[in-house]
Every structure is written in structure tokens, then in C-alpha cells.
Amino acid sequence: MSGRSLTRRHFLEVTGGAGAGLVLAFHLPGARRLAAATSEQPVLLNAWIRIGTDESVTFLVSESEMGQGVLTSMSMLLAEELSVDWSGVRAVHAPADRKAYGRQSTGGSTSVRTNYERLRVAGAAAREMLVSAAAAAWGLPAAECRAQQGRVVHGASGRSVTYGAVADAAAALEPPSDPALRPPSEFTLIGTRVPRIDTPPKVDGAAAFGLDVSMPGMLTALVARPPAFGGSVKRFDPGPALAVPGVRRVVEIPAGVVVAADSFWSAKKGRDALDVEWEPGPLGPLSDERIREICREKAGEGRTARDDGDVEAALASAATRLEAVYEVPYLAHATMEPMNCTADVRPDGCDIWTGTQAQTSAQDIASEITGLPVERIRVRTMMLGGGFGRRSRNDFVREAVHASKALGAPVKVVFTREDDMRAGSYRPVAWNQLSAGLDEAGRPIAWEHRIASPSILRDLGARLENGIDATAVESAGNLPYAIPNLRVTYADPELPVPVHFWRSVGNSQNVYVTECFLDELAEAAAADPVEFRVGLLAEHPRRVRALRRAAETAGWGRALPAGHGLGCAVSECFGSVIAQVAEVAVADDGSVRVPRVVCAVDCGSVVNPDTIEAQMESGVVYALSATLFGKISIADGGAVEGNFDDHPILRFRDMPRVETVIIAEGDPIGGIGELGVPALAPAVCNAVFAATGRRVRRLPIGQVAIPG
Amino acid sequence: MPAYTISVNGVARTVDVEPDTPLLWVLREELGLTGTKYGCGIGQCLSCAVHLDGEAVPSCLIRIDGVGDRRVVTIEGLSETPEERSHPVQRAWMLVDVPQCGWCQSGQIMTAAALLAKTPAPSDEQIDEAMSPVLCRCGTYARIRAAVHAAAEGGTP
């Protein structure tokens, strides 16, 4: 036992020294690799910047890299002000530390927005400290010295010194309260196509993800969870599982029964052999049909989120009335790396290695389970094999901490693909009852939108203000179109299926619903869909500009081959605006292909245009999978789909050509990680209408029923 | 447990595992070669693609007792000089800046490398055919196509 502890402690020292997180190989070609344990400690100038006596520059990034390029963008902000040679910069995930970084949670497309000033200030402060330290050593005024690519230079005397040589002295100085930021006209990194800092270790297999964690004495565990949401263990017999070679322990935790083994394969075979019976969920044999009924009933009892004018009177007086029901299903995040977490709970502390989007919440969870103070919970953020909101749930952290506590050993809890797909935390279902009225000139005078959709915030334990989940009405309650009589209501059907943030959250369904129904209004008014929108957006010039740019780039109005159609949609969320025009091709059998998507993105200012383009490609693919096939069905109280055979995602041959036009006219900087998602489904569905005359009022599209 | 000796990245390696253990987990857990990723376990996503005598195959479906004397090459052994990432596909991947989250990229690269070994200048249709089994959730497909073409031309875009 003591032997194992020693080995484990040594492991911790080597991998987690100086609060630096794991020392992983996130380096660029030509940069020197930092030894895992250096004899001379590198100097921490502030929470984000570490300079080694070997001139290494390491940035500690407190946000999670899940593919959105945050290690690169955060490093660009720091390096721009610090003035260092970019090719020598390394970036690692910072440890969880709320004193240094505040609440650590990567979501809501906030990383660049939150840090655009903060990290530049941190970089500039470090630069001024290095300059002051060098000037003091030379006995010269700091004002005569300047920073230049990793050195402090004194122009008049030609003296110069490296950052590494003065880092120790600089760290002893008081940080300046108001360091001078570079004017944007002098930027050399921000706004340019800087290559991703994490690409090299992602092309040779070196990047270390949560599932890659291994350490002496570690057990690998699979958890048998109730097949129905809200169910529980009725009884189990560990015997058959323990009889499988390599299985070490079988214990119950709140989530289910843990089968812990020497390897994944033994744990899997042990869990397959486990003799267990389950209690059903609270609503019994819940099904898709029952969920629809519950939502439909609830929709009539919603609380008012917005109420302009007099909707009843306007609907009664309308020359044309439209009614429609729009439905969206539960959606799984289906990150390519299934959920996992490694935890090591000891009497004196708890170590966690995982790809999480919410480090400080992971600390809170582990603290609650172990009774240890949060300062004793060390969270090391590994690379995330996709996040999309799923990895902020931290259910995997909870399970691993419980398992390690119960077993008294480091435990890696691994979700199989089926576990991951069926674990819940889905984008909620939504039932939408819409009514609208047009006057005789075809102008919309009334709009009513009744939403019934399970509340994410309630599921997370929050109390809903006035019974309304703000995330469930975003892009519906703040509909931008100039319609004088407008009402939006929201009802929360309290279902036992766990729901969670799914890339773009409520926008992911509400932009689909509202932009498709608005298209129906344009049709009823015999108006062009782009011009109809523009006519109702006088107060929203950024949306109009994005729509015009997308339409122009896509060749809106041009002649198309038979079976093809163009559709548009516009959305404003996360501080940015996007308009998308999709081209679809509907085959004779009703199958839908999307050869091209144009994105006009207005995110105010640009940190890295290449990242913006990559995120549009990413958002389009993610949303297109959902639009064409995405659905988690519920039967007998549990999820039906389990793997990529019955839950397809978009494949290589079906990738549309994605063209991104960036609009940056100096508005406040907006987010881009989720921006590509919301408008895609309505643009595609409106294009299907243009191609076939059929409306898509329920997702996923699957096959379109072709008339005649 | 029986012992199996297999050739991995040119080196004979001996492991003691159950005969039905998938090659994927032998590579990851017994040999520490974690560049090969688990995604589905049923051959649907190819995150776990490795070369078996030069063919890109899902290592999650290959039992250890079925490997025999076939040569296994993983992402760690793709380049002749791994520290330089010298394989043309890896060089092209860096030039185009393909990866996002990165989880599927070893499988993508191994599949592309196997394609180019047989078809040095593939058409778009041949790339579609070869790459469609490999799933990516982040939307790197367009860049993969560009990188495969770049690699076919010697690693320049």
C-alpha cells in the first residue's frame, strides 16, 4: 500500500508540478520541449504567464480547449501584449483556481468576449514588469527601455537582456495597476491567421485527453446505470461480474453499480455479466408519444415571457391567419470522445483528471462528496474530445469521485459510446404552437408563440424567475421583427429526462421555429423571404447587413436546377449576428442533400479569421447532422439510440461547401463557437420548401414527403 | 492469460491478455499507445483506425488472437522520424491546420495515409469513398479534403 502511494505521489509531482497542470507537449516545431521536471522552477509572472530561465514562455489558459481554438486565441491575446516570439510560445490548461481566474466555465461563447481586455492587460502588465526589472538592473529609466520579442532592449546603449534572465526580478515587482495596451493599429498577431497552437500534438497522437490518463494503481470502471431515467438499483449480485478475469471490485454508488477492473475490456465484460435489477423511472413507461401529449397539454398553460399590444384582437382582425405546430426532439451531444473522468480520493486531498468545461464546479462537486475543502481538490483539465456543452454537466466527475472514494484507489470511469448516448443531458424537446395574422397589405400584425419545453435551469437546480427559463425562450421572447402585437409564453413540462446546454442552447430550437414560421408568413404575403425580413428589421441594421451579404454571396434569386432550392435565416446571439443561405437538393426519393452553405458573420472584431471560418464549418456540420438525422427517442422511460449505427452523424461525402464572409465593423466583439448552429436548420428547411413546396415542421427532416 | 507477440511500429511486443481483447485496448492500455482513439467500439467511426499490413482498419474490431504476424502501425509509428512529424499527410495536416478537438484525427490521418499509399493522386470521388467511414463531429471534413490533396502533391497546399 505504501509503495503504491509513493508511486502515486511521484506521479503527481512529475505531472502536476508548480500548479501548472499536466506538462504536455503542446509545442510548435522548433520550440524546445520543457523537461517534465526542471531543476530551476519557471517564474510565474501572473496567473497566466510563466517564463522559464531557459526562455520558455508558457501560457496558462483557464478556459477548456474542445476544438474551438481557445488555447490559440487566448495565447494570441497574451502574446500580443507581452511581445514574445510566437513560435516559442506554449499553452497549457491552467489548474482549477477560482482565486486566480474566478469561476472557470467554458460556455456561452464567452472566452474571447470575457478575456479580450483581461488577458491583454495581463500580458501588458507582465511586459512592463520585465522592462522595469531590466531597467533597474541597468540603473536606467524604464521609459528608455522597451520590450521586443522576448527581450528588453535599451536603444541608446544597445544593451539587451532576455526575459528569462530578468523574470525572477520582475516577479518580485508590484504589478502595474493600469498597464498601457497596444493600439489595434500596432497589432501583429490579433486579426491574423495564426496557426493553431494545438495542431502538432493532434497530428501525432501526443495530445493527452481525459481517456488517455493512466497511473499506477488505477482501476478502470464502467458503471451500470438504470435503463430508465430517474430509475434506481433494486438489487444486484456482484458474483458473476467478479468472476470475470481482471474484475477487482463491484460497488454501488448513487448513479448505479460500478464494475472496476484492471482494464477497459475486463470492466466491460464484468458489467455485461453483472446480475442487476432496476426500479423503473417516476413516469413509468415514458415514450415519445406520451412526451408529446404532455408537452401539448402544457403548452396551453404557459407563463407570459413577452406581451406586446393585443394579440387576440389583432388575430381576430387579421385578413390572413396562419397556424402551425413546430416540434424538435431530444438531441445528444455525441462528442467523439465519450465522457470519462479519473479521480483519486485520499484522506488529505482529491485529484481529478478530466476534460471538463467547468473546473470550479468540478471542485465543488468533489468537495461535496468528499467533505474536503475546495483548495484540496486539484482539477487537471485534459484536452476535450468535443464539448458542445455536454462537458459542463460534470456527471462524469461525480461518478468518478464517488467510485474512487468507495474503492480507495484512483479510478477512471469510462462511458462506452452507448453509455454516453443514453446518459441524458440532452437538448430538450420542444413543442411550439404558433399563430400569426397579416393585414390586407400582407404586413404581419400579430404573432403568438407558445413554447412547451423542459427547463434546463430547473434540471440544474435553479429556481425559475416567474416560471420562465430564460434559456428556453432565447431568440423567441426577443423576436426582432416589427410586429405590433406579439406574445410569447413558456411552460415547463417536468419530465425525468435530464436536459442540458447543447451548442447554442435555446437558440438551437427557437431560431428554427421562428425563422421557419416567418418564412410561412412571407409566403402568405407573397413576398421574397429576404425582402420580407429586411422590411421588418429597420431597428436591426446588423441583421439586415448580414442578410444582404449572405444573399448576395449565395446568388439569391438565381435560377437553380430542378429539385434545388435556396433558403435563408438570420440570428443574433452570443453578441454576434449571422445570416445563412443554404442550398439544398431534394432527390426523387425525398432524400435531402445540402451542397452549399453561405455564412455572413458579424462578430464585431476579429482575433483569428481562420478560427472563425473553422467554427462556421463546425457549426454547420453539427447543426446539419441534427437537422437531417438528429434524434434521441424515448421508449420505456429510457433512450433508444445508442451508437452511430442507429444515430447517424454527417459523413465526409455529405459535407457542404461552407463559405464564410466576415463582417467586422468595430462593434463590440462577439462569440463565434455556437454562432454557426441556430440559423442552419431554418435555412435548410426553408430551402426544402423552396425546392419542393413542403414545409418541415418537425425535426429531424429524414426524408421529405414529395407531393404527387 | 495467454501471451501474444505482435509487431507494432516495427517492434515485436508481447502482451498477456484475454484472446478476445480488441487490438484497440491492447494498444492503448497494454502498450501505452494512446494516440489510437476509442469512439464507438463497433467499427462505425474509425477513430481507432490503424494500419494492418498497410490497410486502414478499425482496431476496435480486431481481436488480439487474430492479429497473427500482420504488421500493425499506429499514429505514433506513421512517420519515419516521429518527432518531426515527417509523413506527408501529417505535414499537410499542419499546413492546412485541420484539427479542432482532435479526437478523430489519428483515424483520419491513418486512413488518408493508407489511401495515398495505394492511390497517390486520388480524385474527389476516391477521397469521398476512402474518408466517409471516418466520423468527425467538429466539421473538419473540408479541411481534410484540402489536406489530402496537399499531401498528394507532396505536402504543399
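Residues numbered from 1 in each chain as written. Chains lettered and ligands numbered in written order. Predicted model: local features only at pLDDT ≥ 70, side-chain atom pairs only at ≥ 80, totals over all residues.

**Here's the deal with the overall build of chain A**
Spelled out, the test is: Helical segments are the DSSP runs of H or I of at least four residues, strand segments are the runs of E of at least two, and each set is numbered from the N terminus. For a compact globule the rule gives 2.2 Å times the number of residues to the power 0.38, and the radius of gyration it is set against comes from C-alpha atoms. In this description, any two residues whose backbone-derived C-beta atoms lie within 7 Å of each other are considered to be in contact.
Across its full length, chain A carries 20 helices and 27 strands. In terms of C-alpha radius of gyration, chain A reaches 27 Å, essentially the compact-globule figure of 27 Å for 708 residues. The C-alpha extent of chain A, read off along each of the three principal axes, is 80 × 75 × 45 Å. Restricting to contacts in chain A with at least 6 residues of sequence separation, those with at least 24 account for 77%.

**A few points about helix H2 (residues 70–82) of chain A**
Residues and elements named next belong to chain A. Counted only if it meets this: Expected span, for any helix, means 1.5 Å times one less than how many residues it has. Every C-beta atom is placed from the backbone, and the number of other C-beta atoms within 10 Å of a residue's own sets its class: buried at 20 or more, exposed at 12 or fewer, partly exposed in between.
With 13 residues, H2 should reach 18 Å at 1.5 Å per residue; the first-to-last C-alpha distance of 18 Å fits that figure. Of all 13 residues in H2, 13 are buried; the element is thus mostly enclosed. In the segment just after H2, Ser-83 is the residue with positive phi, at about 65 degrees.

**Things to note about the sheet that holds strand E2 (residues 11–16) of chain B**
All names here are of chain B. To keep things clear, this is the line we draw: Pairs of strands are assigned from DSSP output, requiring at least two bridges between the strands. Inter-axis angles, ranging from 0 to 180 degrees, are taken between N-to-C directions of lines fitted to C-alpha atoms, where helices are fitted over the stretch in contact.
Taken in spatial order, the five strands line up as E2-E1-E5-E3-E4 in an open sheet, and their pairing is mixed. At either margin of the open sheet sits one strand with a lone partner, and together these are E2 and strand E4 (55–58). The sheet shows a mean angle of 45 degrees between the axes of neighbouring strands, taken without regard to direction. Alignment of strand E3 (residues 49–52) against strand E5 (residues 71–73), held across two bridges, turns out to be antiparallel. Residue pairing in the sheet places Leu-52 in a bridge with Val-72 of E5. Along the sheet, helix H3 (residues 105–118) contacts E3 and E4; its crossing angle with E3, the most-contacted strand, is approximately 35 degrees.

**Some words on the domain arrangement of chain B**
All names here are of chain B. Using the following cut-off: Each domain's extent is set by a domain assignment, obtained either automatically or from a database. For this scheme, ten residues count as nonpolar: Ala, Val, Leu, Ile, Met, Phe, Trp, Tyr, Cys and Pro. Four count as charged, namely Asp, Glu, Lys and Arg, and the remainder, Gly too, count as polar.
Segmentation of chain B into domains returns domain 1 (3–77) and domain 2 (82–152). If you average the C-alpha positions of domain 1 and of domain 2, the two centres end up 20 Å apart. Each side of the interface is counted separately: domain 1 has 16 residues, and domain 2 has 13 residues. The biggest single contributor to the side of domain 1 that touches domain 2 is E3, with three residues. In terms of residue class, the side of domain 1 that touches domain 2 is made up of seven nonpolar, six polar and three charged.

**Observations concerning the interface of chain B and chain A**
Contacts between the two partners involve 43 residues from chain B, matched on the other side by 45 residues from chain A. Secondary structure elements with two or more residues in the side of chain B that touches chain A: helix H1 (23–30), helix H2 (88–96), H3, helix H4 (124–131) and helix H5 (141–152) of chain B.

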